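Read off the chains here:
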Amino acid sequence: MKKTIIGSEEWCSFEHFGIPAIKARVDSGAKTSSIQANNIKVFQKDSDSWVSFQVNPLQDNRSITILCESKLHDTRMIKSSSGISEVRYVIKAPVRIGHQTFDIELTLANRDTMEFRMLLGREALNSRFVVDPSETFQLDQYDENQLSELYAAFKTEKNGLKIALLASNPELYSNKRIIEAGEARGHHMVFLNAEQVYMKLDAADPQIRYRGGNIISEFDAVIPRIKPSVTFYGCALIRQFDSMGAYCLNSAEAIGSSRDKLLATQLFAKHDINIPTTGFAKSPLDTKDLIKMVNGAPLIIKLLESTQGKGVVLAETNKAAESVINAFKSIKTNILVQEFIKEANGQDIRCFVVQNKVVASMQRQAEKGEFRANIHQGGSASKVKITAEERKLAIKAAKILNLPVAGVDIIRSNKGPLLLEVNSSPGLEGIEAATGLDIANIMIEAVEKKLKFKR
Ligand SMILES: Nc1ncnc2c1ncn2[C@@H]1O[C@H](COP(=O)(O)OP(=O)(O)OP(=O)(O)O)[C@@H](O)[C@H]1O
Ligand SMILES: [Mg+2]
Ligand SMILES: [Mg+2]
């Protein structure tokens, strides 16, 4: 038989699995072919071993997932370059390349970092193809529109919701937990790096695109976990998602006001929420009176945009307070000056609020010699029972900022509980560890509830 010439990349199709087109790198250096597969699970069917797995057939487009099942053909131990042995599952399935359809052995590779969704090894080439490495796509060739047509069915077919996690680091505990919890509840979770998302502002055809040019198709919901340094851009993206019909679990406006300590504090005061006495002034000429206004030292000075306690300073004398305040002013940094709640003894309370309910709370205790209770400042957390008054305060604070998800920080003072601040992307690690609760799951349930999703 005359051998067909193929290039170094070709489109393959697995009609058997419902994969219309998947791009393969032709790799005659490898014996067996492999395909990218997630959620690989072995199960028994009629006394045979089977394997189920998910394939994202299009590079950089995790929004299309195809669930495949196959009889397990073989199990092999593979030693990685780092010397660790790993089990690899091998299946056998009919593949079509150009006009030829034949059975191919495929290793399931659970690495999402694979540069290609599929590698075509020499076993598959064998007696059928010769490779011209200087060419690509000698057989089938699809452009973006054709691919989108081929995959049209997958865009509407879903058994769960399509939820994007808009964040920066997929390896962060909180982000990993949210993805995990969403997948566990049967949703289609997609991680989007906020800084790799861009948009087209157009009345008739607004778009959101992802690095590489992929148009991001509609999401039912977006869970923003924007880090403070990306607040401005992140909020613009959230507004775009919102205007394209996705429910955002924390709106851009709410995130924006929670990130602006001055605005948030004004809103709290306006709604009769008890906070430590707080002052704000622009000019250094007013510093002395500003200090007097919050009852003098010791007092707290806070950068308007601070997290993890980094921008919170304790000034122990009036003199120290004055020089720190004036130093910040000289570099044009906006600050709040606040009464120091000494009796809190380095403790504060974090209430995790989801849709007007405190779903978990913990007490944080500052390290010895430190007044800030933040975990990032060495504080330790434990489960705590909050009072009815504290509960009411936490719920009210989240409501004022319109945050369905909020981490509300409260400090216990001689005058009763005082609100310190409200965080719009509260971390999950500390609170899940301290309480043993699955907060990520509660967040996903919140999305389901809002969208009236029923399985
Ligand atoms: N007025 C105050 N009196 C006493 N302690 C305070 C006061 N304000 C803040 N603290 C302590 O400092 C910590 C950090 O302050 P705050 O929560 O306002 O700042 P942050 O940098 O935004 O932290 P987060 O990571 O919670 O966003 C608080 O958790 C609390 O332990
Ligand atoms: Mg904060
Ligand atoms: Mg705080």
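Thresholds, definitions, all that
Residues numbered from 1 in each chain as written. Chains lettered and ligands numbered in written order. Predicted model: local features only at pLDDT ≥ 70, side-chain atom pairs only at ≥ 80, totals over all residues. Heavy atoms only, no water. Pairing = 2+ DSSP bridges. Helix = DSSP H or I, 4+ residues; strand = E, 2+ residues; numbered from the N terminus. Axes fitted to C-alpha atoms, helices over the stretch in contact; angles between N-to-C directions. Contact = heavy atoms within 4.5 Å. Buried < 20%, exposed > 50% of the residue type's maximum accessible area, 1.4 Å probe, protein only. Polar contact = N/O pair within 3.5 Å; in protein donor to acceptor, adjacent residues only side chain to side chain. Near = heavy atom within 4 Å. Areas by Shrake-Rupley, 256 points an atom, 1.4 Å probe, with all protein chains shown as cover. Salt bridge = Lys/Arg side-chain N within 4 Å of Asp/Glu carboxyl O. Expected span 1.5 Å × (residues − 1). Donors = N, O, S within 2.8 Å, 3.2 Å for Na, K, Ca; no water. Phe/Tyr/Trp six-rings, centres within 6.5 Å; stacked < 30°, edge-to-face > 60°. Lys NZ or Arg CZ within 6 Å of the ring centre and 35° of its normal.

Draft legend 1. Structural detail: the sheet that holds strand 25 (residues 380–383). Read from one edge of the open sheet, 5 strands run 25-24-23-26-27, paired in antiparallel fashion. A single partner strand is all that each edge strand has here, and the edge strands are strand 25 and strand 27 (416–423). If you compare each strand with its neighbour and ignore which way they point, the axes differ by 30° on average. Relative to strand 25, strand 24 (residues 357–365) runs antiparallel, the two sharing 4 bridges. Residue pairing for strand 25: R364 is matched across the bridge by A381. Packed on one face of the sheet, helix 12 (residues 439–450) meets strand 23 (347–354), strand 24 and strand 26 (405–413) and runs near 35° to strand 23.

Draft legend 2. Local environment of the environment of S33. Within the secondary structure, S33 sits in strand 4 (residues 33–36). Given a relative accessible area of 1%, S33 falls into the buried group. As a C-alpha pair, S33 and V90 span 57 residues in sequence and 9.5 Å in three-dimensional space. When near neighbours in sequence (up to four residues on either side) are disregarded, S33 contacts I104, E105, L106, T107, L119, L120, G121 and A124. Within the structure, the side chain of S33 is placed 3.0 Å from the backbone nitrogen of G121, a separation counted as a polar contact.

Draft legend 3. Spatial organisation of the site of ligand 1. Taken together, 23 residues are adjacent to ligand 1, and K302, S306, Q308, D348 and E421 come closest. Take G309: an N or O atom from its main chain is 2.8 Å from an oxygen atom of ligand 1. A distance of 3.0 Å separates a nitrogen atom of ligand 1 from a polar side-chain atom of Q338. For ligand 1, whose unbound accessible area comes to 610 Å², protein coverage reaches 97%. Mapped by element, the contributors of at least two residues to the shell around ligand 1 are strand 20 (299–303), strand 22 (335–339), strand 23, strand 26 and strand 27. Counting residues per element, the shell around ligand 1 draws most heavily on strand 27, which supplies 3 residues.

Draft legend 4. The arrangement of the pattern of salt bridges in detail. This structure, assessed with the given rule, holds 23 salt bridges. For R76, the salt bridge identified is with D74, shortest N-O distance 3.0 Å. In this structure D74 comes out as partly exposed when scored by relative accessible area, which is 30%. Ionic pairing is found between K288 and E322, a salt bridge with its closest N-O pair at 3.2 Å. Here K288, found in helix 8 (residues 287–293), pairs with E322, found in helix 9 (residues 318–330); they are 34 residues apart in sequence, far enough to count as distant.

Draft legend 5. Region of interest: helix 5 (residues 231–243). Its 13 residues place the ends of helix 5 18 Å apart at the C-alpha level, agreeing with the 18 Å of an ideal helix rising 1.5 Å per residue. All of the buried residues in helix 5 are T231, G234, C235, A236, L237, I238, Q240 and F241. Downstream of helix 5 by one or two residues, G245 has phi in the positive range, about 100°.

Draft legend 6. Structural view of the coordination of the magnesium ion (ligand 3). Protein-derived ligands of the magnesium ion (ligand 3) are D409 (OD) and E421 (OE), with the metal-ligand distances lying across 2.1 to 2.3 Å. Between the magnesium ion (ligand 3) and the magnesium ion (ligand 2), a spacing of 4.4 Å is present, and a bridge between the two is formed by E421. Here D409, found in strand 26, pairs with E421, found in strand 27; they are 12 residues apart in sequence, far enough to count as distant.

Draft legend 7. Molecular detail of the side chain of N441. On the secondary structure map, N441 appears in helix 12. Taking relative accessible area as the criterion, N441 reaches 19% and is therefore assigned buried. For N441, the contacting residues outside a window of four places in its chain are A181 and R185.

Draft legend 8. Summary view of the packing of aromatic side chains. Within this structure, the stated rule accounts for 8 aromatic pairs. Pairing W11 with Y142 gives two aromatic rings, centres 5.4 Å apart and planes at 75°, and the pair type is edge-to-face. Of this pair, W11 sits in strand 2 (residues 9–14) while Y142 sits in the loop between strand 11 (129–131) and helix 2 (144–150), and the two are 131 residues apart along the sequence. Comparing W11 with Y142 shows no difference in burial state: the two are buried. Both rings, one in F17 and one in F53, keep their centres 5.7 Å apart while their planes meet at 80°; by these two values the pair is edge-to-face. A residue pair is termed long-range when its members are at least 10 positions apart, and F17 in the loop between strand 2 and strand 3 (19–26) and F53 in strand 6 (residues 48–55) qualify at 36 residues. One exposure class covers both F17 and F53, and it is buried. Of the aromatic side chains, those joined through ring pairs into one cluster are W11, F137 and Y142. Its end group placed over the ring of W50, K45 keeps NZ or CZ at 4.0 Å from the ring centre. If you follow R128 out to its NZ or CZ, it ends over the ring of F102, 3.8 Å from the centre.

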